[in-house]
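If you want the building blocks of each chain, they are given just below.
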Amino acid sequence: MASPRWRKVFRDLYGHKFRTLLVVLSIAVGIFSIVVVLGARGVLLREFEVVFEHSNAPIATIWVDRADDRLVSDVAATEGIRDAEGRRSIFLRFEEGRLPEDTPATGWNTLRTIAVPDFRNQKVGRFTPVNTQAWPPGRGEILLEQSASAIGDYEIGDMLTVETPAGKRATLRVAGFAHDINALPAHFVGMATGFISMETLALLDEPEEYNTITFVADDPDISRAEALALSDYVSEEVIAEKGARVLQTQVPEPGSHFLGDIFKAVSLLLLALGVLSMLLSGFLVVTTMQALISQQVKQVGIMKAIGGKTQQIMRMYTGMVLIYGVMAIAIGVPVGIAAAQWFADFGAGMLNFRITSYMPPLWVVGLGVLIGLTIPLVGAIFPIVSGTRMPVVRALTATGLSRTNFGHGLVDRVLGLIHGLPRPIALSLRNTFLRKGRLALTLTTLILAASVLMSVLTVQRSILATVDTVDIWRSDAQFQLAVTEPADRLLSIAMDGRGVAMAEGALDRRATLLRADGSMSDAINMIGLAPETTFVSPVIEQGRWLESTDTYAIVVNSDVLDDSPEFSLGRVVELSIRGVERQWRVVGVVSSGLMGPVIYAPYDQLDSVLQGNGGINRVLVRTEFSHATAQEQAARDLERRFEQSDVAVLSMQTQIEERDTVAEQLGILVMFLAIMAVILALVGVIGLTGTMTINVLESQREIGVMRSNLRSPSLPTGCCR
């Protein structure tokens, strides 16, 4: 049978259900916030690393005009290379449904299609089935990368009408979905990725040859410089020696994912907010426990009067606090784990990687248990010690206010200078500053929660404003064409479009920097446009923009300069564009505009170097409409007009769509911040509700005195002293 002391503890817990509930919830919500934030962060970090490592991401991708299994084997046998794989990558236009050959599409979308030789034995850049009826997909079937669901409502069995750049149409059946952590998420680029078998290439009039070779190195810790050197060696000594032509190369930072920077930012945000959550919940628990123990002072006096010893009473209240902690752990830990799993799943969906295990790290669960047991004890230890050591007479006569020392501090004296206030207001003002320590903790909690919420809203506004200012394009819509067409014909078609006020052409190509040591840079987007164009408005960081009198001058954006210092202002660099090598002089550096590395060159000179005879493959239009819906409708009408004129449009994007795509990329950070703000607000609201309710319970004696005196015409002087 339990001793009288423990029967009192359980009677207190059961007899004051509302108070018990408030205290337990205040502690539980602190545990919940820690487990959610740090648990979700732990799951995301662990799973991202596991999935990315399993993918066997390539250290280099080389685009070639043609390649077969023998060439891929030669690359794989090169010293320093562990595995290599060939695939064929093509860009298609597609529309949902089965369209007859002579029926114009109502709106094409872009699909990056990758033909894979062996789905069951992938060596480099592995992707995995997620929800599929066919692995590998059969002839005429396609597996969509799972992020395609973010931009379209696709289901297994759907039919897609696809069209190649050469105008060949075919119908592909959606056989399922796959996940590729190395694919650009569809909601980031507005373009889906799909996987087909090599046999399906025949339906598209494409040769069953590879046009990309990817490989991984023997050394898992290879540096980017070493990877570049290895890529150059493979290009020149292996591929070129076998008679194939290297079109371009791409060598990312080894072991680094293209979303790595965003992921690191999200991870740091979660860590920072986890620390804030810990501080916030710690303040709340300490405040709650102090208020609770203060209520028990009179009962301590009674127990000591009938023979209770100080150590016995301390153990009793310590045990009661631990029971509060255990009850809070029983609520906060499982609910926090469930919320962390949802949060991790949400984050993985935004960043497009799959979760293999949702269990948060054990150290996070242990931390939640430790906080549930220790923080309440830390908050209660001082009130327990001071309350149990209080003399019996003083404890029995305690009113809840006797230990306060109002009137001696600076703040108290300043409040004493205020005259003329109604007595209830003067009383409430005095009580507010009666326990300054508790007031400081409460205000700190409120300030923390409010600061985080304001920061989130400010960052969100800042990001949206940044999206509006960094975009350099001043067109309403852009059309990327599958092949280069004469500028005069394309612009004539464009100007006949409904509502089109202005149209201009540009030429997109890929350029490679030829370094003095013989190495090459990654392929860089190069855009040729008229120097006097009004369709771009770059932010000049160094030098100037292009001028019509320039001779082989280029302007690079800051991303190009960051990757290759050879593009510094005033330098002359040698570029290889479609095999044509020429020197260009850097005359300016502009901001990146969230476009990645881009080189701008005068259209006439780029066209002359490539002997393009006035061809363009990008059309920019400006409409007479200001509303986004009208602009999109005009762009769709013009897309159909191009279609009817046998102009293959690879992709069309309105300015609003481009802005939304950029905003979505940056919006990940805002989304995580907003969720964390909600969690912190939840911590603050529940915790403060518990604290304030206990404060009111503690002041029941004062409330009774005020109610009895308010029946008289006026409060007696000094009623609150």
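Above this text you will find the structure in question.
In this report, we go over the structure that sits alongside the text. (Residues numbered from 1 in each chain as written. Predicted model: local features only at pLDDT ≥ 70, side-chain atom pairs only at ≥ 80, totals over all residues. Heavy atoms only, no water.)

Along the chain, the regular secondary structure elements total 19 helices and 20 strands. Per-residue burial over the chain gives 50% buried out of 721 residues. Across the chain, contacts joining residues at least 24 apart in sequence account for 80% of those joining residues at least 6 apart. Summed over its atoms, the accessible surface of the chain is roughly 32,800 Å², and 57% of this surface lies on carbon and sulfur atoms. (Helix = DSSP H or I, 4+ residues; strand = E, 2+ residues; numbered from the N terminus. Buried < 20%, exposed > 50% of the residue type's maximum accessible area, 1.4 Å probe, protein only. Contact = heavy atoms within 4.5 Å. Areas by Shrake-Rupley, 256 points an atom, 1.4 Å probe, with all protein chains shown as cover.)

Relative orientation of the contacting elements helix 14 (residues 487-495) and helix 17 (residues 628-644) amounts to 135°, with a least axis distance of 9 Å. For the element pair helix 14 / helix 17, the angle class is oblique. When the axes of helix 14 and helix 17 are compared, the crossing they make is right-handed. Between helix 14 and helix 17, the residues in contact are Leu490, Ile493 and Ala494 and Leu638, Arg641 and Phe642, respectively. Taken together, the residues of the contact of helix 14 with helix 17 sort by class into 5 nonpolar, no polar and 1 charged. (Axes fitted to C-alpha atoms, helices over the stretch in contact; angles between N-to-C directions. Parallel < 35°, antiparallel > 145°, perpendicular 65-115°, else oblique. Left-handed = near helix turned anticlockwise from the far one by under 90°. Nonpolar A, V, L, I, M, F, W, Y, C, P; charged D, E, K, R; others polar.)

As a further point, take the pattern of salt bridges. For the structure on display, the rule yields 15 salt bridges. Its salt-bridge partner being Glu163, residue Arg93 comes within 2.3 Å of it at the nearest N-O pair. Here Glu163 lies in strand 6 (residues 159-163) and Arg93 lies in strand 2 (residues 81-96), a separation of 70 residues in the sequence. Using a relative accessible area of 3% as the deciding quantity, one classes Arg93 as buried. Taking relative accessible area as the criterion, Glu163 reaches 7% and is therefore assigned buried. Taken together, the shared-partner salt bridges in this structure form one network comprising Arg93, Glu163 and Arg169. (Salt bridge = Lys/Arg side-chain N within 4 Å of Asp/Glu carboxyl O.)

A few words on helix 16 (residues 603-610). With respect to burial, helix 16 is a largely interior element, 6 of its 8 residues being buried. Within the span of helix 16, buried status applies to Tyr603, Gln605, Leu606, Asp607, Val609 and Leu610. In the segment just after helix 16, Gln611 is the residue with positive phi, at about 55°.

This next bit is on the nonpolar core. Side chains that are nonpolar tend, in soluble globular proteins, to be buried together. Counting residues in each nonpolar core, the largest one holds 43 residues, and the members touching the most others are Val75, Leu144, Val162, Phe215 and Ile239. Setting aside residues up to four positions removed in sequence, Ile239 forms contacts with Ile62, Val64, Leu71, Val75, Ile213, Val234, Ala244 and Val246. Core analysis: the second largest hydrophobic core is formed by 40 residues, Ala487, Leu575, Ile577 and Val649 among them. (Core = buried A, V, L, I, M, F, W, Y, C linked by side-chain atoms within 4.5 Å.)

As a further point, take the packing of aromatic side chains. Counted by the stated rule, this structure contains 11 aromatic pairs. Between Phe119 and Trp135, the aromatic rings sit 5.3 Å apart at their centres with planes inclined by 85°, giving edge-to-face as the arrangement. You can see Phe119 sitting in the loop between strand 3 (109-116) and strand 4 (128-132) and its partner Trp135 sitting in the loop between strand 4 and strand 5 (141-145), a full 16 residues away along the chain. The structure contains a cluster of three or more aromatic residues connected by ring pairs, namely Phe119, Phe127, Trp135 and Phe195. The ring of Tyr552 has Arg582 sitting right over it, with the charged end atom 4.2 Å from the ring centre. Above the face of the Phe535 ring, Arg622 is positioned so that its terminal group lies 4.3 Å from the ring centre. (Phe/Tyr/Trp six-rings, centres within 6.5 Å; stacked < 30°, edge-to-face > 60°. Lys NZ or Arg CZ within 6 Å of the ring centre and 35° of its normal.)

This next bit is on a nonpolar patch on the surface. Taken together, the side chains of Phe18, Leu21 and Leu25 present a nonpolar region at the surface, about 270 Å² in accessible area. Taking the relative accessible area as the measure of exposure, Leu25 reaches 31% and is therefore partly exposed. (Patch = residues over 30% accessible without salt bridge, like charges linked within 9 Å, V, L, I, M, F, W, Y side chains within 5 Å.)

What follows deals with the packing of helix 1 (residues 4-15) against helix 8 (residues 310-351). Taken N-terminus to C-terminus, the directions of helix 1 and helix 8 make an angle of 35°; their axes are 10 Å apart at the nearest point. Handedness of the crossing formed by helix 1 with helix 8: right-handed. From helix 1, Arg5, Trp6, Lys8, Val9, Phe10 and Leu13 reach across to helix 8, where they touch Gln312, Arg315, Met316, Tyr317, Gly319, Met320, Ile323 and Tyr324. Residues of the contact of helix 1 with helix 8, tallied by class, amount to 9 nonpolar, 2 polar and 3 charged.

Here we take up the environment of Ile313. With respect to the helices and strands, the residue Ile313 is situated in helix 8. According to the relative accessible area criterion, Ile313 is buried, its value standing at 1%. Along the backbone, Ile313 and Thr388 are 75 residues apart, and their C-alpha atoms lie at a distance of 6.7 Å. The contact partners of Ile313, leaving out residues within four places of it in the chain, are Val300, Met303, Lys304, Gly308 and Thr388.

Our focus in this paragraph is the side chain of Gln605. Relative to the helices and strands, Gln605 resides in helix 16. Gln605 gets classed as buried once you look at its relative accessible area, which sits at 16%. Among the polar contacts listed, one links the side chain of Gln605 to the backbone oxygen of Asp550, at a separation of 2.4 Å. If near-sequence neighbours (up to four positions away) are discounted, Gln605 is found in contact with Asp550, Thr551, Tyr552, Ala553 and Trp584. (Polar contact = N/O pair within 3.5 Å; in protein donor to acceptor, adjacent residues only side chain to side chain.)

Attention shifts here to the side chain of Thr193. Tracing the chain through its elements places Thr193 in strand 8 (residues 192-197). The exposure class of Thr193 is buried, given its relative accessible area of 6%. With sequence-adjacent residues up to four places away left out, Thr193 is seen in contact with Leu111, Arg112, Ile114, Leu143, Leu144, Glu145, Ala183 and Leu184.

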